[in-house]
Amino acid sequence: AQSVTQLDSQVPVFEEAPVELRCNYSSSVSVYLFWYVQYPNQGLQLLLKYLSGSTLVESINGFEAEFNKSQTSFHLRKPSVHISDTAEYFCAVIRNYGGSQGNLIFGKGTKLSVKP
Amino acid sequence: EPEVTQTPSHQVTQMGQEVILRCVPISNHLYFYWYRQILGQKVEFLVSFYNNEISEKSEIFDDQFSVERPDGSNFTLKIRSTKLEDSAMYFCASEGGVGGNEQFFGPGTRLTVL
């Protein structure tokens, strides 16, 4: 079975400060890793994903995450946050079947609150 | 840009009543999912659906739940006799199946059982 742990339920930061949202996973099989973001009153949107290849993946809005197999982590980082980054962030995994389908297993989410 | 839509956005019902939550997945997608999130808890997988049948379901998805794709576009989740503990946000998702592993989520339906 797989599980995902997001160590921080809430992270308050000031605008332009760096941020790291932590995610650790547990799995006996290979997994794909994802970060989803949920803005207020909206659905979940894919922020970035790791399937294979380079362990550092980036999103179009400046977030990045690094897959660390030895530490079973996939922490999300941004060097300088904006007010508009205020949202809830979910880390998730899917078992790697070698194909594309499977159910996502989510962490509890981290609420990022960016203050001016 | 294509998106997954869900109706209603909020459903209030009495315990024991049947509810149907509706989703319109992205039109050329092949795989469909329902997830739920009880307030303050994790988003949990309920069921996946492919080729007009359930491909996987969680232990939450008991006999009170059913899914169908009645007309080739809508994807519905029915709860036959709602319980207080069914109160949650229900998310529908769809996936193209071509590759990329991205599940596209709808905005959710908040179900409140009184």
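Here the structure is a predicted model, which is why all the values come from computation and not from measurement.

A. Region of interest: the side chain of B:Q103. Residue and element names in this part refer to chain B. The residue Q103 is located in strand β10 (residues 103-105) in this model. Residue classification places Q103 among the buried residues on the basis of a relative accessible area of 1%. At 2.8 Å, the side chain of Q103 and the side chain of Y35 are in polar contact.

B. Broad picture of the interface of chain A and chain B. At the interface, 24 residues of chain A touch 20 residues of chain B. For the interface between chain A and chain B, the tally reads one salt bridge. For B:E56, the salt bridge goes to A:R95, with nearest N and O atoms at 2.8 Å. Linking chain A with chain B are four residue pairs in polar contact (both at pLDDT 80 or more), by the criterion used here. Here the side of chain A that touches chain B is built from residues that sort into twelve nonpolar, nine polar and three charged.

C. Summary view of the layout of surface pockets. Roughly 660 Å³ of internal volume is contained in the largest pocket. The wall of the largest pocket is formed by 28 residues, among which A:Q38, A:E88, A:K111, B:Q37 and B:R110 lie closest to the centre. Put simply, the parts of the chain that give the lining of the largest pocket at least two residues each are β10 (87-95) and β12 (110-115) of chain A together with β9 (88-95) of chain B. Per-element tally for the lining of the largest pocket: the top contributor is β12(A), with three residues. In terms of residue class, the lining of the largest pocket is built from nine nonpolar, 14 polar and five charged.

D. Layout of the environment of A:L46. With respect to the element layout, A:L46 can be found in strand β6 (residues 44-50). For the pair formed by A:L46 and A:S80, sequence separation is 34 residues and the distance between their alpha carbons is 20 Å. Dropping the residues within four chain positions of it, A:L46 is found in contact with A:F34, A:W35, A:Y36 and B:E102.

E. Representation of the pairing of β12(A) in the model. Residue and element names in this part refer to chain A. A one-sided burial pattern is seen for β12, the buried positions being T110, L112 and V114 and the unburied ones K111, S113 and K115. By the bridge criterion, five bridges tie strand β2 (residues 10-14) to β12 in an arrangement that is parallel. When the sheet's bridge partners are listed, V11 is paired in β12 with L112. Note that β10 and β12 share three bridges and pair antiparallel. If you follow A87 over to β12, its bridge partner there is L112.

F. Expanded view of the sheet that holds strand β3 (residues 19-24) of chain B. Residues and elements named next belong to chain B. Taking strand neighbours across the sheet as the criterion, the four strands line up as β1-β3-β8-β7 in an open arrangement whose pairing is antiparallel. Each edge of the sheet is formed by a strand with only one pairing partner; in this case those strands are β1 (5-7) and β7 (65-68). When the angles between neighbouring strand axes are averaged without regard to direction, this sheet yields 20°. Here β7 runs beside strand β8 (residues 75-79); their pairing, made up of four bridges, is antiparallel. When the sheet's bridge partners are listed, F65 is paired in β8 with I79.

G. Spatial organisation of unusual backbone geometry. The amide bond that connects B:T7 to the next residue, B:P8, takes the cis arrangement and shows omega of -10°. Structurally, B:P8 is set in the loop between β1 and β2 (10-13).

H. Main features of the environment of A:S3. All names here are of chain A. Relative to the helices and strands, S3 is located in strand β1 (residues 3-5). Between the C-alpha atom of S3 and that of V37, which follows or precedes it by 34 residues, the distance is 19 Å. Setting aside chain neighbours within four positions, we find S3 in contact with N24, Y25, S26 and I105.

I. Focus on the pattern of salt bridges. Residues and elements named next belong to chain B. If you walk through the whole model with that rule in mind, you get six salt bridges over all chains. In this structure, R36 engages D86 in a salt bridge whose closest nitrogen and oxygen atoms are separated by 4.0 Å. With R36 in strand β4 (residues 31-37) and D86 in the loop between β8 and β9, this residue pair connects regions lying 50 residues apart in the sequence. Residue classification places R36 among the buried positions, given a relative accessible area of 10%. Linked through salt bridges whose partners overlap, the residues forming this network are R36, E44 and D86.

Reading guide: rules and limits
Residues numbered from 1 in each chain as written. Chains lettered and ligands numbered in written order. Predicted model: local features only at pLDDT ≥ 70, side-chain atom pairs only at ≥ 80, totals over all residues. Heavy atoms only, no water. Helix = DSSP H or I, 4+ residues; strand = E, 2+ residues; numbered from the N terminus. Buried < 20%, exposed > 50% of the residue type's maximum accessible area, 1.4 Å probe, protein only. Polar contact = N/O pair within 3.5 Å; in protein donor to acceptor, adjacent residues only side chain to side chain. Contact = heavy atoms within 4.5 Å. Salt bridge = Lys/Arg side-chain N within 4 Å of Asp/Glu carboxyl O. Nonpolar A, V, L, I, M, F, W, Y, C, P; charged D, E, K, R; others polar. 1 Å grid on protein atoms, 1.4 Å probe; cavity = no way out; pocket = protein on both sides within 12 Å on 5 of 7 lines; lining within 4 Å. Points joined across faces, edges and corners; volume = space filled by probe spheres on them. Pairing = 2+ DSSP bridges. Axes fitted to C-alpha atoms, helices over the stretch in contact; angles between N-to-C directions.

Don't take any of this as a statement about function, it's just geometry.
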